[in-house]
Each structure stands twice: as C-alpha cells, then as structure tokens.
Amino acid sequence: MNTHSAITKKLQALRPDYLDVVNESYMHNVPEGSESHFKVTVVSGEFEGKMLLARHRMVNQCLSEELSGTVHALAIHTMTPDEWFDKSGQSNDSPLCLGGEKS
Amino acid sequence: MSLIQEKLKEVIESNEVILFMKGSPDFPQCGFSGRTAQILEACEVPFASVDVLADSAVRDGIKEYSNWPTVPQLYVRGEFVGGCDIMTEMYESGDLLKVLKPESN
C-alpha cells in the first residue's frame with residue numbers, strides 16, 4: 001500500500017465527515033514520486049470541544065508509523081462540521097518550499 | 001531524563017518565547033519554519049530560535065520532548081503551543097497574541 005492510501009485508511013479512525021489527503025511532495029526539494037510531504041484536512045465531530053493541539057495530536061497519533069518513517073512534513077487542518085461550514089469548505093494553503101530538506 | 005532532554009528543558013524554560021525551526025528566522029530552510037518565524041515577527045515579540053538542522057540530537061530530542069513528530073515547534077513560558085498550522089490558525093483568530101502578550105489583554 002502506498003503512503004497516501006495508508007494515511008487515508010488510518011484517518012478513518014477519526015470517523016471523518018470529510019477527509020482530504022494531498023501529497024504535496026512535488027512542491028518540495030525531493031525526488032519525483034516521493035511521498036514525504038502531505039496535507040490532510042479532516043472534518044469530524046470527534047473534534048467537538050477539543051483544542052487545536054489536542055486535535056492535531058489525535059491526527060499525529062493515527063499516523064505515528066508514517067511520521068516516524070517516510071513522511072516528514074504533515075500539514076494538518078482539523079475542523080468540526082460546523083467550523084467547516086463557517087469556513088466554506090476551505091483549508092489554508094501550505095507554505096512554499098525553501099529547499100532545506102534533501103531527503 | 002536524558003542529558004539532551006535536560007538541556008532542552010533548560011533552554012525552553014529560560015526563554016519566554018522560543019521557536020525550534022529548520023534554519024534561522026533570516027534564513028529559514030523550510031517553508032513551515034519560515035512562516036512561523038514571520039508570524040512571530042508580525043506579533044512583534046522578541047523570541048529565541050534554535051536551528052534543529054545544526055544538531056541531530058536536538059532535532060530528534062525536541063520531538064520526544066513535546067511528543068510532537070514535526071518541526072517547527074513553538075514554546076511560550078515553558079509550554080508547548082504547537083506547530084505551523086496551529087500557530088497560523090491562532091494568529092488569524094487572535095489567540096496567539098493573547099498567549100504571547102497576556103498582559104495586553
């Protein structure tokens with residue numbers, strides 16, 4: 001299974017109403033076809049009443065295997081269904097690469 | 001606690017605002033790190049920074065310290081605040097300034 005599929009599968013544990021996993025490795029200084037930089041947008045009722053830090057820890061925990069392996073950058077956007085509605089279904093863009101990572 | 005963890009604790013607790021990043025605020029080596037340094041500069045607070053690329057023991061150690069798998073990492077008065085996405089959202093909502101400058105609220 002590739003990393004994109006593994007991330008998508010593991011984040012089902014958060015019972016997302018909406019889930020978007022984007023491989024942003026192409027934006028970075030890594031070989032073509034790499035799976036090193038990802039952005040995930042997770043909309044779930046499980047985040048209700050939880051601070052951002054706690055929400056991000058939930059996502060990181062689901063993906064601990066990937067984060068200790070090939071994935072070294074993970075942009076995380078977490079919203080409850082109400083927050084997602086307020087944001088009109090948008091998450092922030094990731095910053096551009098500055099070239100520091102070679103691996 | 002290992003020596004590196006003790007050293008990290010000491011440096012985190014002796015700086016009111018400290019950012020662990022890749023590169024420096026003037027020459028960030030990663031877009032996420034660069035954005036966090038820019039946010040702190042926009043908040044007009046003095047902050048210390050540590051380049052984790054300069055020492056792999058620090059790079060690995062800081063992830064263990066906060067149980068957080070990625071860099072950058074922001075600490076304010078000894079407390080872990082978050083990484084780039086959390087800082088960006090907190091900055092946009094105004095919550096970051098409240099954490100950085102509690103006396104002005």
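Whatever comes next refers back to the structure up there.
Keep in mind it's a predicted model, so treat the numbers as computed, not measured.

### Digging into the overall build of chain A
Okay, so step 1: Looking only at helices and strands, chain A features 4 helices and 3 strands.
Okay, so step 2: Reading the helices (α) and strands (β) of chain A from amino to carboxyl end gives α-β-β-α-α-β-α.
Okay, so step 3: A compact globule built from 103 residues should have a C-alpha radius of gyration of about 13 Å, and chain A, at 14 Å, falls within 12% of that.
Okay, so step 4: By its C-alpha atoms, chain A is 40 × 25 × 20 Å across when sized along the principal axes.
Okay, so step 5: Across the 103 residues that make up chain A, the buried fraction comes to 46%.
Okay, so step 6: If you take every contact in chain A between residues at least 6 apart in sequence, the share linking residues at least 24 apart comes to 62%.

### Structural notes on the sheet that holds strand E1 (residues 17–21) of chain B
All names here are of chain B.
Okay, so step 1: Strand order in the open sheet made by the 4 strands is E2-E1-E3-E4, with mixed pairing throughout. Pairing within the sheet leaves two strands with one partner each, and these edge strands are strand E2 (48–51) and strand E4 (79–82). Across the sheet, the axes of successive neighbouring strands diverge by a mean angle of 25°, strand direction being ignored.
Okay, so step 2: In the sheet, E1 pairs with E2 via 4 bridges, with the strands oriented parallel. The residue bridging Ile18 from the neighbouring strand is Ala48, located in E2.
Okay, so step 3: Packing against the sheet, helix H2 (residues 31–42) makes contact with E1 and strand E3 (73–76), and its axis sits at approximately 160° to E1.
Okay, so step 4: Lying on the sheet, helix H3 (residues 56–66) is in contact with E1, E2, E3 and E4; it crosses E3 at an angle near 60°.

### Description of the packing of helix H1 (residues 3–13) of chain B against H3(B)
Residues and elements named next belong to chain B.
Okay, so step 1: For the pair H1 and H3, the least separation of the axes is 10 Å and the interaxial angle reads 75°. Compared by their axis directions, H1 and H3 come out roughly perpendicular. Between H1 and H3, the contacting residues are Ile4, Gln5, Leu8, Lys9 and Ile12 on the first element and Ala57, Val58, Gly61, Ile62, Glu64 and Tyr65 on the second.
Okay, so step 2: A breakdown of the residues in the contact of H1 with H3 according to their chemical character gives 7 nonpolar, 2 polar and 2 charged.

### Notes on unusual backbone geometry
Residue and element names in this part refer to chain B.
Okay, so step 1: Going from Val71 to Pro72, the amide bond is cis rather than trans, its omega being 10°.
Okay, so step 2: The residue Pro72 is located in the loop between H3 and E3 in this model.
Okay, so step 3: Although it is not a glycine, Asn67 adopts a positive phi angle of roughly 50°.
Okay, so step 4: Within the fold, Asn67 resides in the loop between H3 and E3.
Okay, so step 5: Phi is positive for Arg77, which is not a glycine, with a value near 45°.

Rules used in this analysis
Numbering of residues starts from 1 in every chain and runs along the sequence as written. Each chain gets a letter, beginning with A, and each ligand a number, beginning with 1, in the order they are written. Since the coordinates come from a predicted model, pLDDT governs what is reported: local features require at least 70, and pairs of side-chain atoms require 80 or more to be given and counted, while whole-chain, interface and lining totals use all residues. For side-chain calculations, the full set of non-hydrogen atoms in the structure is used, while hydrogens and water are omitted. Each helix is a run of H or I in the DSSP string that is no shorter than four residues. Each strand is a run of E no shorter than two, and both are numbered from the N terminus. As a reference, a globule follows 2.2 Å times the number of residues to the power 0.38, and the radius of gyration itself is taken over C-alpha atoms. Under the scheme applied here, a residue whose accessible area is under 20% of the maximum for its type counts as buried, over 50% as exposed, and between as partly exposed, the area being computed with a 1.4 Å probe on protein chains only. The contact criterion used is simple: two residues touch if any of their non-hydrogen atoms lie within 4.5 Å. Two strands make a pair as long as DSSP finds a minimum of two bridges between them. Orientation is described by lines fitted to C-alpha atoms, with helices fitted over the stretch in contact, and by angles between N-to-C directions that extend from 0 to 180 degrees. An angle below 35 degrees is treated as roughly parallel, one above 145 as roughly antiparallel, one from 65 to 115 as roughly perpendicular, and anything else as oblique. Residues are grouped as follows: nonpolar covers Ala, Val, Leu, Ile, Met, Phe, Trp, Tyr, Cys and Pro; charged covers Asp, Glu, Lys and Arg; every other residue, Gly included, is treated as polar.

So yeah, pure geometry; function would need other evidence.
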